[in-house]
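Structure at a glance
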Amino acid sequence: MARSAVLARLRWPVERRRGGMRKAAVPALVATALATALAVPAAASPAAPASSAPASSASASSVPRAAAAVSETAPVVGAKPYMGWSSWSLESTNFPGYGGSWLTEPHVLQQADILASKLKRHGYEYVNIDAGWNVGSETNKSLSDEYGRPVADPVKFPHGMKWLGDRLHAKGLKFGLYLAVGLYIDTYNDGRTPIHGAPGCTTKDIVYPDLRKTSGWDNVSYQLNFASPCTEKYIQSVADQLAGWGVDFLKIDGVGPGSNQGDAAHDNVPDIKTWHAALERTGRPIQFVLSWSLSHDKVDVWKENSNGWRVDTDVECYCDTLVTWNNSVKQRWNDVVPWIDDAGPGHWNNLDSLDVGAGPLDGLNEVERQSYMTLWAIESAPLYIGDDLTKLDAYGLSLLTNDEVIAVDQAGNPARPLSQDTPQQVWYARNADGSYTVALFNLGKGYSDVTADWSELGISGRPAVRDLWSRKNLGTVGEGFTDNLPPHGSRLLRVTPAKTTGKPGVPLGVRATAATAGSVSLAWDAVNTGTATTGYEVYAGGAKVATVDGTSATVTGLDAATGYVFTVVAHDARGRTSAPGNAVSLTTPAAEGRTAYEAEASGNPRTGNASISDCSRCSGGKKVGNLGVDASVTIKDVTAPKDGTYLMTVDFTDGSSGRTAVVTVNGTAFQLPLHGGNDNDWGRPRSVTVPVHLKAGANTIAFGNPSDYVSDVDRITV
């Protein structure tokens, strides 16, 4: 099948502007020990490997149903982020020699040979065949058997999928396949195709009478109708066939809400629940992953019914390389943030393919390639390579086989940013052994210093620092660590404070979340080091004002228009307390409370193409959109009773994965990532609350971004 046809039929996510020298490997035991030391304390037991023995037949009836009930003591499927290789990056590129027609049985086996010989000992084991395996080379149509179950194109895969699975298992590898959500349009066959194991059921019974389309592309599949009992039987028949082929991994693509879709025809929650149950009933441990740009609004469903989800659009650029920095590697630093707390054993945040192994093919310089893998590792994202493994260069191989960095990923302890106010960012994770994983990133366009301040991480004294990429100990370092990083550069450190005993660790990430004239609400990250924390104490100006068991508190009885400094300490069962976490300075609103300011108000200047549009769910029924590049809106006369730091809530709409606003307060600018719904709903208001410094009297607050588009702005409340 021609590459253009693959892209047109199977995947073309559209970002829409709306409304607006290889080093010796660390031995396996050492790598395992590193991952254990870095893991969060309550890490689950690792998953048992899937059996390499194939089922006796490809037919659905061959799968033993005696194993259908999953044992309560069975290992967690996807206990750690999976590692391997995926075909899609090579299918998607215009780089000579690749594209849609590249996907063939010999090419897959060629990649598998290298994965087994060079990379498996570092943890890479999955061979995932993406879109196009079941699309006919001659017909450009999705292929299926007499029961509507997907089958391989005999031109691309002449020996079939079971044979291929057997070959992969014989190499000690695992076998992954891809399907689009819903019923492939080409499988419908005027509704006449019978369903295996479901007498009387045909494809007519499993879709809606109006043949409504679903998936992120709207030209691949019909929405399944789960009001019919035939539909569940159809999915079970496909799941059984996959298990019979020895499949160890299934990716379902185009899932909504997400994939830039969010209406009723693209609500695939019933599909995912049914697939999850069907895969479990096969008795085979099949890792189940969802794509693409899933909506965070349904994260509880995704966590309950899958082993991971893509948080963003495709990383590939659909250009003459696999990726570029701007399209779309860099966006991951923003888009993963709302998902960080959702990752854990059995369900991981998927950042898409890791295309860092072959420089000219990748489309990135060496600095960017390192930063790319650094983010994937600190976020415990699946590490699946998208490169042609026959073309790996020495630098790429050194990245992909750095076992200390891989151990960070496999520990399953995702990092979070201290701040995203600027392109110079520090991300951290506090590990079970008391050490910290610390990453420094310069996401800007020029060289810049990036500093990890130990005090912001709750570290005192002179901790020991190790550079994980160079695998060198840097000695003990006082106060903090600074490096002048090139554009898009990074450092990855393991920071180990001097051993302290007899008290809990320091609360990190203390932040104000809400304020009234007489109260302030605070939140912080749970302490996972030191003696066991049993509670927290909150102080205002040095006086204890609250004691709580959880990681949030509301302090009441405060005076209006008054500045306070809040700190939080942790305590254990014996009353021993930690050092205080980072101090939060905040001024309460005036006695009359917070004030809302509409972005579309007549006195607010707009530049460029910024425009006012209707928004029935927005306050005042209007919003300002088409922001970014040369377009901005300035909200004037935002009043404050005195100089101080106040909380500002921004109400905005964004149906994409999110965009970054540059917010300028009285001439001082900071970045504000605004996280979207991934559902193409540009009429639903969302909100984020951030601290801003205001002067007494009137202030101006502008929203724009000279280098990118911005979400639509409804109003601010201060």
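Sequence order as written defines the numbering, with residues in each chain counted from 1. Only residues with pLDDT of at least 70 get local features here, since the model is predicted, and only at 80 or more are side-chain atom pairs given and counted; chain-wide, interface and lining totals rely on the full set of residues. The side-chain figures draw on all heavy atoms in the structure; neither hydrogens nor water molecules are used.

Considering the sheet that holds strand β20 (residues 508–516)
As a reminder, the rule being used: DSSP bridges decide pairing: two strands pair if at least two such bridges lie between them. Strands are runs of DSSP state E lasting at least 2 residues, helices are runs of H or I lasting at least 4, and numbering of each runs from the N terminus. A fitted line through C-alpha atoms serves as each axis, taken over the contacting stretch for helices, and the angle formed by two N-to-C directions is quoted from 0 to 180°.
Sheet architecture is open: 3 strands sit in the order β20-β21-β24, paired in antiparallel fashion. Here the strands that pair on one side only, and so sit at the sheet edges, are β20 and β24 (552–555). Each strand axis lies, on average, 20° off the axis of its neighbour in the sheet, ignoring direction.

Things to note about the pattern of salt bridges
The condition is simple: A pairing counts as a salt bridge when a side-chain nitrogen of Lys or Arg comes within 4 Å of a carboxyl oxygen of Asp or Glu. The classification of residues rests on relative accessible area computed with a 1.4 Å probe and restricted to protein chains. Under 20% of the type maximum is buried, over 50% is exposed, and intermediate values are partly exposed.
Applying the stated criterion across every chain yields a total of 33 salt bridges. Salt-bridge contacts for R715 lead to D651; the nearest nitrogen and oxygen are separated by 2.7 Å. With R715 in strand β39 (residues 712–717) and D651 in strand β33 (residues 644–653), this residue pair connects regions lying 64 residues apart in the sequence. By relative accessible area, D651 is classed as buried at 11%.

Observations concerning the state of the cysteines
The test is simple: For the purposes of this analysis, a disulfide is any pair of cysteine sulfur atoms at a distance within 2.5 Å.
Evaluation of the coordinates by the stated rule reveals 3 disulfides. Note that C317 is cross-linked by a disulfide to C319, the S-S spacing being 2.0 Å. Note on the C317 and C319 pair: the S-S dihedral is about -70°, so by sign convention the disulfide is left-handed. By sequence-ordered numbering of the bonded cysteines, the protein chain has its disulfides arranged as 1-2, 3-4, 5-6.

Notes on the sheet that holds strand β4 (residues 183–184)
Overall, antiparallel pairing links the 3 strands, which are arranged β4-β6-β5 in an open sheet. A strand with exactly one partner marks an edge of an open sheet, and here the two such strands are β4 and β5 (213–214). With 2 bridges connecting them, β4 and strand β6 (residues 221–222) associate as antiparallel partners. When the bridges of β6 are listed, Y184 appears paired with S221.

A look at unusual backbone geometry
Cis geometry marks the peptide bond from S291 to W292, where omega comes out at -5°. Secondary-structure assignment places W292 in the loop between β8 (287–290) and α9 (299–305). Looking along the chain, the bond that leaves N327 and enters S328 is cis, with omega of 0°. For S328, the position within the fold is in the loop between β9 (308–310) and α10 (332–335). At L211, a position not held by glycine, the phi torsion is positive, near 50°. Along the chain, L211 falls in the loop between α6 (185–188) and β5. L211 gets classed as partly exposed once you look at its relative accessible area, which sits at 26%. Of note in the backbone geometry, A561 takes a positive phi value of approximately 50° without being a glycine. Residue position: A561 is located in the loop between β24 and β25 (563–572).

Here's the deal with the nonpolar core
Applied cut-off: In this text, buried Ala, Val, Leu, Ile, Met, Phe, Trp, Tyr and Cys residues form a nonpolar core when linked through side-chain atoms within 4.5 Å.
Of all hydrophobic cores here, the largest spans 113 residues; its most connected members are Y124, W133, W275, W302, M373 and W427. Residue contributions to this core peak at 7 residues, all from helix α7 (residues 229–244). V650, V665, L694 and F703 belong to the second-largest nonpolar core, a separate cluster that totals 29 residues.

Here's the deal with the environment of K303
Put simply, the rule is: For this analysis, residues touch if any pair of their heavy atoms sits within 4.5 Å.
Tracing the sequence through the fold places K303 in helix α9. Residue classification places K303 among the partly exposed positions, given a relative accessible area of 27%. As a C-alpha pair, K303 and E537 span 234 residues in sequence and 32 Å in three-dimensional space. Those residues in contact with K303 that sit more than four places away from it in its chain are W309, D342 and H347.

Digging into helix α8 (residues 269–281)
Heads up, the condition is: Under the convention used throughout, the expected extent of a helix is 1.5 Å for every residue step, that is, one less than its residue count.
The end-to-end C-alpha separation of α8 is 19 Å, in line with the 18 Å expected for 13 residues at 1.5 Å each. Within α8, the full set of buried residues consists of V269, D271, I272, T274, W275, A278 and L279. Considering only its buried residues, α8 is in contact with β3 (174–180), α7, β7 (249–253), β8 and α9. In the segment just after α8, G283 is the residue with positive phi, at about 80°.

Description of the packing of aromatic side chains
The way to describe two aromatic rings as a pair is by their centre distance and the angle between their planes. The test is simple: Here a pair means two rings of Phe, Tyr or Trp (six-membered ring of Trp) with centres within 6.5 Å. Their orientation is stacked below 30 degrees between planes, edge-to-face above 60, and tilted elsewhere. When the NZ atom of lysine or the CZ atom of arginine is within 6 Å of a ring's centre and also within 35 degrees of its normal, the charge is said to sit over that ring.
Per the counting criterion, the structure on display carries 17 aromatic pairs. With centroids separated by 5.5 Å and ring planes inclined at 65°, the aromatic side chains of Y82 and Y126 adopt a geometry described as edge-to-face. Taken together, the positions of Y82 in the loop between α2 (28–38) and β1 (83–86) and Y126 in strand β2 (residues 126–128) put the pair 44 residues apart, joining distant regions of the chain. Assessed through its relative accessible area of 5%, Y82 is described here as buried. Take Y126: its relative accessible area is 6%, and that puts it in the buried class. Seen in terms of ring centroids, W333 and F441 are 5.3 Å apart; in terms of plane orientation they differ by 80°. Their pairing is edge-to-face. With a gap of 108 residues between them, W333 in helix α10 and F441 in strand β14 (residues 436–442) connect regions that are remote in the sequence. Take W333 and F441: they sit in the same class, and that class is buried. Feature note: the residues Y82, Y126, F249 and Y384 constitute an aromatic cluster, connected by ring pairs. Sitting over the face of the ring of Y208, R212 holds its NZ or CZ atom 3.8 Å from the ring centroid.

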